[in-house]
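# Descriptive structure summary
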Amino acid sequence: MMMIQVVNDVVYFMLLFVIFILTFAECYHIVQVNTDAYGRLPAIAALFLGTLRSAMGDFSLIDPYQGFDIQRKQKPGVHCTDDACKYQHSRLIVFFTFFIYVVCVFFLFMIFMNFIIAVIGESYSKVNQYATAHDYRQRVIMIYEKEIHFGQEDFDNEEYFPNILIVRKKK
Amino acid sequence: MQYNYIHLDKIQGEDKISLTRTLKDSEDLALFEQEAIQIIIDYKWETYAKRFFLIKLFTYAVFLVTFFVDLETLHGNASEEADVHPRVKDLAFIIRKVICELIQLYFLMYEIVQFRKEKKEYFKDFWNYFELLGIFLYQWASILDITNENTSDICRILFVFSVMFSLIKVLYLIRVFR
């Protein structure tokens, strides 16, 4: 079938895609990107999903209000004046996280996503070229499936298994 | 006018199934672009295979509708305020289950007959694994559903899988149409 053919063609590509996503997810994990939005999921799984989302063009991996720069919850009665108390990560780490983010979007979304679409398109057009032949092959498989259920009386049936087929064609 | 004569008796020989078997096992797609081959396939298809697979598709469609209606009642009456809704097991529930079971049994019988005819060949086609797995998962899930008062987590997961397998089966059966 067409779908199987296309899936077969992109399977190695998908594998590479998963490796890329895992690499970036691990990078995010190292700089401790916040994964509260994913609830009880382990951090690496949450980041994998987040990276996958950004690869698909949904960039909400970053919190829309705080970005990667997560503010600490203020304890009541304590007034923070310095950065270390106010924010979870140092300035350097936050800059660096945004750098990873841009690289990730560039590779995964802009390059990889378009590669995959191109590969699928090519595979589809290759299959489509032989669509009629594929179609007949599928039908032979189905006919065979029916024929194995036939008994001897069906095989002797003149209508099912005629001795000669005469096809008239208009020229 | 042009008349083409295809001497099927000479092509198929004594063992009449051998023709389709050879064609089925052929890897060469160019073969299926031959006009004579296409005519033979068309003839066989229109004479007996098409109707058979249409009936199969229709039967499966009846199963799917009943199954999906059944799944919609899985979580009981949501308007009632309670955390756990016990499964409502009224007459409609029994009728739905019986219809589903009968159709699943029919498909299982079909697979068994196919296995007995094909023997080792049967396990070479990976569709058959999907088919058996789909039937097995459905049976497992529905047994859990019938015997337990509430729908357990395992039961839900199994139902999700059997719905996915039903999608594969529909894809398989939809080949009737070009």
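What you see is a predicted model; the values in this text were computed from it and never measured. (Residues numbered from 1 in each chain as written. Chains lettered and ligands numbered in written order. Predicted model: local features only at pLDDT ≥ 70, side-chain atom pairs only at ≥ 80, totals over all residues.)

### Some remarks on the overall build of chain B
Within chain B, the regular secondary structure consists of 6 helices and 1 strand. When the helices and strands of chain B are placed in sequence order, the string is β-α-α-α-α-α-α. Compactness check: chain B gives a C-alpha radius of gyration of 22 Å against a globular reference of 16 Å for 178 residues, more than 25% above the reference. Dimensions along the principal axes, computed over C-alpha positions, put chain B at roughly 75 × 40 × 25 Å. Relative to its 178 residues, chain B shows a buried fraction of 16%. Counting contacts in chain B only where the partners sit at least 6 residues apart, residues at least 24 apart contribute 64% of the total. (Helix = DSSP H or I, 4+ residues; strand = E, 2+ residues; numbered from the N terminus. Rg over C-alpha atoms; globule rule 2.2 N^0.38 Å. Buried ≥ 20, exposed ≤ 12 C-beta atoms within 10 Å, placed from the backbone. Contact = placed C-beta atoms within 7 Å.)

### As for the overall build of chain A
Check the secondary structure of chain A and you find 6 helices and 1 strand. Taken over C-alpha atoms, the radius of gyration comes to 29 Å for chain A, far larger than the 16 Å a tight globule of 171 residues would show. Each of the three principal axes of chain A carries a C-alpha extent, and together these read 95 × 35 × 25 Å. Considering chain A as a whole, with its 171 residues, one finds that 16% of them fall into the buried category. Residue pairs at least 24 apart in sequence account for 62% of intrachain contacts in chain A once pairs closer than 6 positions are excluded.

### Some points on the interface of chain B and chain A
Taken together, the contact between chain B and chain A spans 36 residues of the former and 31 residues of the latter. Elements represented by at least two residues in the side of chain B that touches chain A include exactly strand 1 (2–6), helix 1 (8–12), helix 2 (18–25), helix 3 (35–72) and helix 4 (91–118) of chain B. Among the elements that make up the side of chain B that touches chain A, the one with the highest residue count is helix 3 of chain B (11 residues). When grouped by side-chain class, the residues that make up the side of chain B that touches chain A number 18 nonpolar, 8 polar and 10 charged. Pairing analysis gives 5 bridges linking strand 1 (residues 165–169) of chain A to strand 1 of chain B, with the strands arranged antiparallel. When the sheet's bridge partners are listed, Arg168 of chain A is paired in strand 1 of chain B with Tyr3 of chain B. (Nonpolar A, V, L, I, M, F, W, Y, C, P; charged D, E, K, R; others polar. Pairing = 2+ DSSP bridges.)

### Describing the environment of Leu8 of chain B
By the secondary structure assignment, Leu8 of chain B is in helix 1. For the pair Leu8 of chain B and Ser162 of chain B, spaced 154 residues apart in sequence, the C-alpha separation works out to 43 Å. With residues near it in sequence (within four places) discarded, Leu8 of chain B still touches Pro162, Asn163, Ile164 and Leu165 of chain A.

### A closer look at the packing of helix 5 (residues 126–147) of chain B against helix 6 (residues 153–173) of chain B
All names here are of chain B. For the pair helix 5 and helix 6, interaxial distance at closest approach is 8 Å and the crossing angle is 145°. As helix 5 packs across helix 6, the resulting crossing turns out to be left-handed. Only Ile154, Cys155, Leu158, Phe159, Phe161, Ser162, Phe165, Ser166, Ile168, Lys169 and Tyr172 of helix 6 make contact with helix 5, whose side of the interface consists of Trp127, Phe130, Glu131, Leu133, Gly134, Leu137, Tyr138, Trp140, Ala141, Leu144 and Asp145. Classifying every residue of the contact of helix 5 with helix 6 gives 16 nonpolar, 3 polar and 3 charged. (Axes fitted to C-alpha atoms, helices over the stretch in contact; angles between N-to-C directions. Left-handed = near helix turned anticlockwise from the far one by under 90°.)

### Here we look at the environment of Leu108 of chain A
Residue and element names in this part refer to chain A. Within the secondary structure, Leu108 is located in helix 4 (residues 91–129). Leu108 sits 52 residues away from Met56 along the chain, and the two C-alpha atoms are 8.2 Å apart. Non-local contacts of Leu108, meaning those with residues more than four positions away in its chain, are made with Phe20, Ile21, Phe24, Thr51, Ser54, Ala55 and Met113.

### Thoughts on the packing of helix 5 (residues 131–147) of chain A against helix 2 of chain B
Between helix 5 of chain A and helix 2 of chain B, the shortest axis-to-axis distance is 9 Å and the interhelical angle comes to 145°. The interaxial crossing formed by helix 5 of chain A with helix 2 of chain B has left-handed handedness. Between helix 5 of chain A and helix 2 of chain B, the contacting residues are Val140, Ile141, Ile143, Tyr144 and Glu147 of chain A on the first element and Thr20, Arg21, Leu23 and Lys24 of chain B on the second. Class assignment for the residues of the contact of helix 5 of chain A with helix 2 of chain B results in 5 nonpolar, 1 polar and 3 charged.

### Let's talk about the confidence of the model for chain A
With 99% of its residues at a pLDDT of 70 or more, chain A shows a mean pLDDT of 85. At the low end of the mean pLDDT range in chain A sits helix 3 (residues 83–86) of chain A, at 74; at the high end sits helix 2 (residues 43–55) of chain A, at 91. (pLDDT = per-residue confidence, 0-100.)

### Details of the confidence of the model for chain B
Do not read the predicted coordinates in detail wherever pLDDT is low. Per-residue confidence for chain B gives a mean pLDDT of 85, with 94% of residues at or over 70. Predicted complex, confidence summary: ipTM 0.81, pTM 0.78.

### Brief notes about helix 4 of chain A
All names here are of chain A. Its 39 residues place the ends of helix 4 56 Å apart at the C-alpha level, agreeing with the 57 Å of an ideal helix rising 1.5 Å per residue. Its maximal kink placed at Phe112, helix 4 deviates by approximately 30°. What helix 4 keeps buried is the set Thr97, Tyr101, Cys104 and Leu108. Contacts from the buried residues of helix 4 go to helix 1 (2–30) and helix 2. (Expected span 1.5 Å × (residues − 1). Bend = angle between axes of the 7 residues up to and from the residue.)

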